[in-house]
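Residues per chain are reported as follows:
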Amino acid sequence: MLNFIYYPVSAILWFWHYAFGKVLGDSSGVAWSLAVVFLVFTLRAILYKPFVHQVRSMRKMQEFSPEIKKLQKKYSNDKQKLAAEMQKLQSEHGVSPLGGCLPVLVQVPVFIGLFHVLREFAPGHTQNYVFDAAGVNSFVGSHLFGAKLGATVIPYGKGSVPLADFHTTVASQLVVMIPLMIMAGFFTHLTARHNVARQTPVQLANPQSAIMNKITMYLMPIGVVVGAPFLPLAILFYWVSNNLWTLGQQRLVYKKIDQEEAEQAARKTETQRNLAPKVGQKPDPEGRQRKPGSKPVTSGGSADTKTAGSARNGTDGVASTEVSAGSSAAAGSSNGNGKTNGAERSSANGSADVGSAEGRRNGPARPQANRGRKRQR
């Protein structure tokens with residue numbers, strides 16, 4: 001029923017065994033072990049882009065998690081409306097939940113397919129999907145330090161083959177199996193711990209997330225160690241290599257995404273700094289942002305202030321001119337009549353003094369006042 005999974009898995013395994021068998025020998029246990037390891041690397045390389053998309057989706061989900069909580073609180077009694085609003089919110093932010101789960105969803109059938117293909121490498125079988133009888137006999141006869149790759153320490157279930165049929169013993173299997181199961185459990189714990197370290201404080205405070213973190217960090221590694229005797233030895237190679245790849249890929253992808261986010265934050269800060277008004281620059285009263293490179297607005301007086309200043313200067317000039325003209329006219333009148341009493345002289349002198357004072361203050365009227373005094377004397 002799952003031949004669409006079994007045939008591709010067995011084909012990739014056949015290719016890598018053919019490549020390493022040319023160098024190490026067809027029945028070499030090292031060649032078969034490397035074939036299983038590079039089967040994992042091939043599948044994980046194919047899933048690299050979906051994994052990056054998964055990480056980006058998780059980051060975006062963290063960014064608008066407050067909006068999700070608001071929707072959950074608002075539509076707590078209407079599940080259909082909540083699902084519709086959640087889908088709308090995810091589409092607005094370009095997040096696909098299915099895309100985030102794709103790497104995990106693909107790895108599960110691959111693991112099942114590899115487990116089934118390895119169990120079909122049994123003594124007496126003449127075919128195993130793309131492998132012929134020679135390929136089956138090569139795998140059955142291969143060993144690694146006396147341990148058979150297709151044998152299990154505790155056979156169980158239909159189709160399981162006892163260790164005696166593989167011509168090996170429990171002690172020989174344990175020599176290779178114990179280090180592998182310890183490594184598989186350890187790397188599973190490290191991978192889970194690395195994922196937990198990337199979570200936000202809000203996620204860590206969530207009780208459901210706390211339970212899942214404990215399961216992935218402790219129960220899954222223990223499950224690998226406890227379940228190792230029931231698995232073919234080659235599955236442990238798959239488990240160790242898969243966790244090693246995951247750990248290295250996470251570090252690489254997270255570092256790259258962190259650098260991208262840091263560069264985006266730096267560009268955003270630089271843009272805001274360029275748009276902000278400089279020291280001494282008058283802010284735009286309409287609230288418009290100044291474009292980068294535009295000429296700054298000086299903090300000088302406005303046109304109305306300058307006009308008012310000019311008007312005041314003009315008024316003072318007119319006043320001084322009128323005073324000087326009045327004193328000159330008075331002096332000329334007294335000289336023309338030849339009869340001037342003491343009061344008129346005092347008035348003329350007072351007018352001349354005022355004109356002289358105004359002339360000294362304003363400047364341009366000074367010569368007229370001096371000429372009026374000469375004529376009066």
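Residues numbered from 1 in each chain as written. Predicted model: local features only at pLDDT ≥ 70, side-chain atom pairs only at ≥ 80, totals over all residues. Heavy atoms only, no water.

### Let's talk about the overall build of the protein chain
Selection rule: We count a stretch as a helix when DSSP gives it H or I for four or more residues in a row; a strand needs E for two or more, and each element gets its number in order from the N terminus. Buried means the residue's accessible area, taken with a 1.4 Å probe over protein chains only, is under 20% of the maximum for its type, while exposed means over 50%, and partly exposed covers the values in between. The contact definition used throughout considers only heavy atoms, calling two residues in contact when any of these lie within 4.5 Å.
Within the protein chain one finds 14 helices and zero strands. Reading the secondary structure of the protein chain in the N-to-C direction produces α-α-α-α-α-α-α-α-α-α-α-α-α-α. Relative to its full complement of 377 residues, the protein chain shows a buried share of 35%. Excluding contacts between residues fewer than 6 apart, the proportion of contacts in the protein chain whose partners are at least 24 apart in sequence is 68%.

### Focus on the packing of helix α8 (residues 170-197) against helix α11 (residues 233-275)
Here is the rule: Interaxial angle, 0 to 180 degrees, is taken between N-to-C directions of lines fitted to C-alpha atoms, where a helix line uses only the stretch in contact. In these notes the angle categories are as follows: under 35 degrees is roughly parallel, over 145 is roughly antiparallel, 65 to 115 is roughly perpendicular, and the rest is oblique. Note: crossing handedness is left-handed where the near helix turns anticlockwise from the far helix by less than a right angle, and right-handed where it turns clockwise.
Look at α8 against α11: their axes get within 9 Å of each other, and the N-to-C directions meet at 25°. In terms of orientation, α8 and α11 fall into the roughly parallel class. Considering how the two elements wind past one another, α8 and α11 form a crossing that is left-handed.

### Here's the deal with the packing of helix α1 (residues 3-24) against helix α2 (residues 29-46)
Keep this limit in mind: Gly is placed with the polar residues, together with every amino acid not listed as nonpolar (Ala, Val, Leu, Ile, Met, Phe, Trp, Tyr, Cys and Pro) or charged (Asp, Glu, Lys and Arg).
Where α1 meets α2, the axes come as close as 8 Å, and the angle between the chain directions of the two elements is 135°. One element, α1, and the other, α2, form an angle in the oblique class. When the axes of α1 and α2 are compared, the crossing they make is right-handed. Along its contact with α1, which presents Val-9, Ile-12, Leu-13, Trp-16, His-17, Phe-20, Gly-21 and Leu-24, the element α2 presents Val-30, Ala-31, Trp-32, Leu-34, Ala-35, Val-36, Phe-38, Leu-39, Thr-42 and Leu-43. Split by residue class, the contact of α1 with α2 holds 15 nonpolar, three polar and no charged.

### What to know about the confidence of the model for the protein chain
Rule in force here: The quantity called pLDDT is the predictor's confidence in a given residue, expressed from 0 to 100.
For the protein chain, per-residue confidence averages 73 on the pLDDT scale, and residues scoring 70 or more make up 66% of the total. In this model residues 299-367 is a low-confidence stretch, pLDDT under 50, and it forms 36 contacts with partners more than four residues away in sequence or in other chains.

### Quick notes on α1
Operational definition: Helices are assigned an expected span. That span is 1.5 Å times one less than the residue count.
Relative to the 32 Å expected for 22 residues at 1.5 Å per residue, α1 spans 30 Å between its end C-alpha atoms, a close match to the ideal helical length. Residues of α1 that are buried: Ile-5, Tyr-6, Val-9, Ser-10, Ile-12, Leu-13, His-17, Phe-20 and Gly-21. Of the residues one or two after α1, Gly-25 is the one with positive phi, at around 105°.

### Focus: empty space enclosed by the protein
This is how the line gets drawn: Residues are called lining when one of their atoms sits within 4 Å of a cavity or pocket point, these points coming from a 1 Å grid over the protein atoms alone, where a cavity is a set in which a 1.4 Å probe fits but cannot get out and a pocket is an open set with protein on both sides within 12 Å along at least five of seven lines. Grid points are joined across faces, edges and corners, and a volume is the space filled by probe spheres set on the points.
Going through the model one piece at a time under the given rule, you end up with three cavities of 30 Å³ or more. Roughly 140 Å³ of internal volume is contained in the largest cavity. In this structure, the largest cavity is lined by 16 residues; those nearest its centre are Arg-119, Gly-150, Thr-152, Ser-160 and Val-161. Size it by volume and the second largest cavity reaches roughly 50 Å³. Lining of the second largest cavity is provided by Val-40, Leu-43, Arg-44, Leu-47, Gln-107, Val-110, Tyr-238 and Asn-242. For the lining of the second largest cavity, the elements supplying multiple residues, two or more each, are α2, α6 (97-119) and α11. Broken down by element, the residue count for the lining of the second largest cavity peaks at three residues, all from α2. Among the residues making up the lining of the second largest cavity, the classes are represented as five nonpolar, two polar and one charged.

### Re the environment of Tyr-254
Considering the arrangement of structural elements, one finds Tyr-254 in helix α11. Residue classification places Tyr-254 among the buried residues on the basis of a relative accessible area of 7%. Put simply, Tyr-254 and Val-52 are 202 residues apart on the chain and 8.9 Å apart in space, counted from C-alpha to C-alpha. Beyond its immediate stretch of four places on either side in the chain, Tyr-254 contacts Val-55, Arg-59, His-194, Asn-195 and Arg-198.

### Some details on the packing of aromatic side chains
Quick note on the threshold: In this scheme Phe, Tyr and Trp rings, the latter by its six-membered ring, pair at centre separations within 6.5 Å, and the angle between planes marks the pair as stacked below 30 degrees, edge-to-face above 60, and tilted otherwise.
All told, the structure shown has 17 aromatic pairs when counted by the stated rule. Grouping aromatic residues by their ring pairs yields a cluster made of Phe-15, Trp-16, Phe-20, Phe-38, Phe-41 and Trp-245.

### Brief notes about α2
What counts, and what does not: Two N or O atoms count as a polar contact when they lie within 3.5 Å, although within protein this holds only if one can serve as hydrogen donor and the other as acceptor, and sequence-adjacent residues are included solely when both atoms are side-chain atoms.
With 18 residues, α2 extends 26 Å between its outermost C-alpha atoms, agreeing within 8% with the 26 Å of an ideal straight helix rising 1.5 Å per residue. Of all the residues in α2, the buried ones are Gly-29, Ala-31, Trp-32, Ser-33, Ala-35, Val-36, Val-37, Leu-39, Val-40, Leu-43 and Arg-44. Regarding α2, its N-cap is Ser-28, as a side-chain oxygen of that residue lies 3.2 Å from the backbone nitrogen of Val-30 further along.

### Regarding the nonpolar core
Nonpolar side chains tend toward joint burial in soluble globular proteins. Worth spelling out the cut-off: Definition of nonpolar core: a set of buried residues of the types Ala, Val, Leu, Ile, Met, Phe, Trp, Tyr and Cys, connected through side-chain atoms within 4.5 Å.
Ranked by size, the top nonpolar core spans 47 residues in total, and within it Leu-13, Leu-114, Phe-121, Leu-149 and Leu-233 carry the most contacts. The element that contributes the greatest number of residues to this core is α11, accounting for seven residues. Sequence-distant contacts of Leu-114, defined by excluding residues within four places in its chain, comprise Val-9, Val-36, Leu-39, Ile-235 and Tyr-238.

### Observations regarding the side chain of Thr-246
Within the secondary structure, Thr-246 sits in helix α11. Overall, the relative accessible area of 10% leaves Thr-246 in the buried class. A distance of 2.8 Å separates a polar side-chain atom of Thr-246 from the backbone oxygen of Asn-242. Ignoring anything within four residues of it in the chain, the contact list for Thr-246 reads Arg-44 and Thr-191.

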